[in-house]
Amino acid sequence: VQLQASGGGLVQAGGSLRLSCAASGRTFSGYSMGWFRQPPGKEREFVAAISGRGGSTYYADSVKGRFTISRDNARNTVYLQMNSLKPEDTAVYYCAADRNGWYPVRSPDEYDYWGQGTQVTVSS
């Protein structure tokens, strides 16, 4: 599976962005998908995850109520809608795929494939 993240950019605090992650392969619905981020000078952290068929989602407390993860299995794409952005959301955002598609997971060690990252910068 190859993953291509896109949609990052520069936005003012309070604004919105939607990230996309396009996946190759014919078995996309068999993978749980996750979004992670790495702020400048910090370790990579979990943001959100979704099960293979989209029935279950899981969010970090820091983004709950502001971010929404979704997927379109017909388009082999997972999305991260980010609203009410804050400067502390500034990071490189990565998408990842987990071959266990039954439930979303937060540990990066569970993921098998990673995209290249897209930069999100939120100005105050």
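Everything below is about the structure printed above this text.
Read on for a plain summary of the structure.

Reading guide: rules and limits
- Residues numbered from 1 in each chain as written.
- Predicted model: local features only at pLDDT ≥ 70, side-chain atom pairs only at ≥ 80, totals over all residues.
- Heavy atoms only, no water.
- Helix = DSSP H or I, 4+ residues; strand = E, 2+ residues; numbered from the N terminus.
- Buried < 20%, exposed > 50% of the residue type's maximum accessible area, 1.4 Å probe, protein only.
- Polar contact = N/O pair within 3.5 Å; in protein donor to acceptor, adjacent residues only side chain to side chain.
- Contact = heavy atoms within 4.5 Å.
- Pairing = 2+ DSSP bridges.
- Axes fitted to C-alpha atoms, helices over the stretch in contact; angles between N-to-C directions.

A few points about the side chain of Thr-118
Working step 1: Structurally, the position occupied by Thr-118 is in strand β11 (residues 118-123).
Working step 2: Its relative accessible area of 11% is what places Thr-118 among the buried residues.
Working step 3: Within the local environment of Thr-118, its side chain forms a polar contact with the backbone nitrogen of Gly-8, the two atoms lying 3.1 Å apart.
Working step 4: With residues up to four places along the chain from it excluded, the contact list for Thr-118 reads Ala-5, Ser-6, Gly-7, Gly-8, Leu-19, Ala-91, Val-92 and Tyr-93.

Thoughts on the environment of Ala-91
Working step 1: Along the chain, the position of Ala-91 falls in strand β9 (residues 91-98).
Working step 2: Taking the C-alpha atoms as reference points, Ala-91 and Pro-40, 51 residues apart in sequence, are found 6.3 Å from one another.
Working step 3: If we ignore the near neighbours within four places in the chain, the residues touching Ala-91 are Arg-37, Gln-38, Pro-39, Thr-118, Gln-119 and Val-120.

Remarks on the sheet that holds strand β8 (residues 77-82)
Working step 1: Ordered by their spatial adjacency, four strands build an open sheet running β1-β3-β8-β7, and the pairing between neighbours is antiparallel. Here the strands that pair on one side only, and so sit at the sheet edges, are β1 (3-6) and β7 (67-72). Across the sheet, the axes of successive neighbouring strands diverge by a mean angle of 15°, strand direction being ignored.
Working step 2: In this sheet, strand β3 (residues 17-23) lies alongside β1 in antiparallel orientation, the contact comprising four bridges. When the bridges of β3 are listed, Ala-5 appears paired with Cys-21.

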